[in-house]
Amino acid sequence: MNPNIVLVGMPASGKTTIGELLAKKIPAYTLIDTDAVIEKTSGLKIYEIFAKYSEDYFRKLEHDTIKIVCSGNNKIISIGGGAFENPGNRTTLMKFGTVFYLKSDLDVLYYRISEDSTRPLLQTKDPKKVLENLLKKREENYRKAHYTIDTSKFTEEEIINFILGIINEANSQRTAQ
Ligand code: S3P
């Protein structure tokens, strides 16, 4: 396994929180959130890119950003919820690091995002239905990750320790080579 860390999962599945906690535990690693990179380089918020241009345009920026950030070592990459749908992105990410799918139930996801008006795909009359459909559609690809972690079954600390266990092992195998 490659000791870089990649976090995938639905919006509000905890990628940012887990990424930040991991980065604190392993200071040698740099945390990169691809949405944050896109916002910084474009000078626009994600929802503005959707509104001003289109989702397709955003997906292209996302694809280009993933290609750029996936190089080097000691990285934690957290990607937007839709990025793992693209086969090219999946190939890049699966090669670059060990991919962890942070799996959450629909109700938990919905509860977390219901107050958030900045998620462009969910600005609809029935956001829960949209979220449900997205989850159903994406689950098959998320499950291609190297590991699936059911976040409802573990504490944040347990999740971090699980990921670190795998990564420490990958790092020691690399040094032994
Ligand atoms: C998206 C999720 C968002 C962001 C964009 C599209 C999606 O990221 O990339 O709004 O398709 O699910 P988060 O998963 O960090 O919310």
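Right, let's walk through the structure included here. For clarity, every value in this text was computed on a predicted model and none was experimentally measured.

A separate point is unusual backbone geometry. Peptide bonds are mostly trans, and most non-glycine residues show a negative phi. Of note, Ala-12 is a non-glycine position whose phi angle comes to about 70 degrees, a positive value. Along the chain, Ala-12 turns up in the loop between strand 1 (5-8) and helix 1 (15-25). At Asn-74, a position not held by glycine, the phi torsion is positive, near 55 degrees. Secondary-structure assignment places Asn-74 in the loop between helix 4 (55-69) and strand 3 (75-78). Its relative accessible area of 30% is what places Asn-74 among the partly exposed residues.

Further remarks concern the sheet that holds strand 3. Here we have five strands laid out as an open sheet, ordered 2-3-1-4-5, and parallel in their pairing. Only two strands of the sheet have a single partner each, and these edge strands are strand 2 (30-33) and strand 5 (147-150). Between one strand and the next, the sheet's axes are offset by a mean angle of 20 degrees, whatever the strand orientation. Strand direction decides the pairing type here: strand 4 (residues 98-103) and strand 5, joined by four bridges, are parallel. Looking at strand 5, one finds that Phe-100 is bridged to Tyr-147. The strands that helix 2 (residues 34-42) touches are strand 2 and strand 3; relative to strand 2, the one it contacts most, it runs at about 70 degrees.

With that settled, the discussion passes to the packing of helix 1 against helix 8 (residues 156-176). One way to put it is that helix 1 packs onto helix 8 with a least axis distance of 10 Å and a crossing angle of 60 degrees. Judged by the angle between their axes, helix 1 and helix 8 are oblique. Two packed elements cross with a definite hand, and for helix 1 against helix 8 that hand is right-handed. In contact with Thr-17, Ile-18, Leu-21, Leu-22 and Lys-25 of helix 1, helix 8 contributes Glu-156, Ile-159, Ile-160, Asn-161, Ile-163 and Leu-164. When grouped by side-chain class, the residues that make up the contact of helix 1 with helix 8 number seven nonpolar, two polar and two charged.

Orientation of helix 6 (residues 106-113) relative to helix 7 (residues 127-142), taken along the N-to-C sense of each, is 135 degrees, at an axis distance of 10 Å. In terms of their interaxial angle, helix 6 and helix 7 are classed as oblique. As helix 6 packs across helix 7, the resulting crossing turns out to be right-handed. Between helix 6, through Leu-106, Asp-107, Leu-109, Tyr-110 and Ile-113, and helix 7, the contact on the second element is made entirely by Pro-127, Lys-128, Leu-131, Glu-132 and Leu-135. A per-class count over the contact of helix 6 with helix 7 returns seven nonpolar, no polar and three charged.

Judged by nonpolar contacts, the single largest core of 25 residues is most densely connected at Val-8, Ile-77, Ile-79 and Leu-93. Those elements that place two or more of their residues in this core are strand 1, helix 4, helix 5 (87-96), strand 4, helix 6 and helix 7. Tallying contributions element by element places helix 7 first for this core, with four residues. Leaving out residues up to four positions away in the same chain, Val-8 has contacts with Lys-15, Ile-79, Phe-84, Val-99, Phe-100, Tyr-101, Leu-102, Tyr-142 and Ala-145.

So, how was this worked out
- Residues numbered from 1 in each chain as written.
- Predicted model: local features only at pLDDT ≥ 70, side-chain atom pairs only at ≥ 80, totals over all residues.
- Heavy atoms only, no water.
- Helix = DSSP H or I, 4+ residues; strand = E, 2+ residues; numbered from the N terminus.
- Buried < 20%, exposed > 50% of the residue type's maximum accessible area, 1.4 Å probe, protein only.
- Pairing = 2+ DSSP bridges.
- Axes fitted to C-alpha atoms, helices over the stretch in contact; angles between N-to-C directions.
- Contact = heavy atoms within 4.5 Å.
- Parallel < 35°, antiparallel > 145°, perpendicular 65-115°, else oblique.
- Left-handed = near helix turned anticlockwise from the far one by under 90°.
- Nonpolar A, V, L, I, M, F, W, Y, C, P; charged D, E, K, R; others polar.
- Core = buried A, V, L, I, M, F, W, Y, C linked by side-chain atoms within 4.5 Å.

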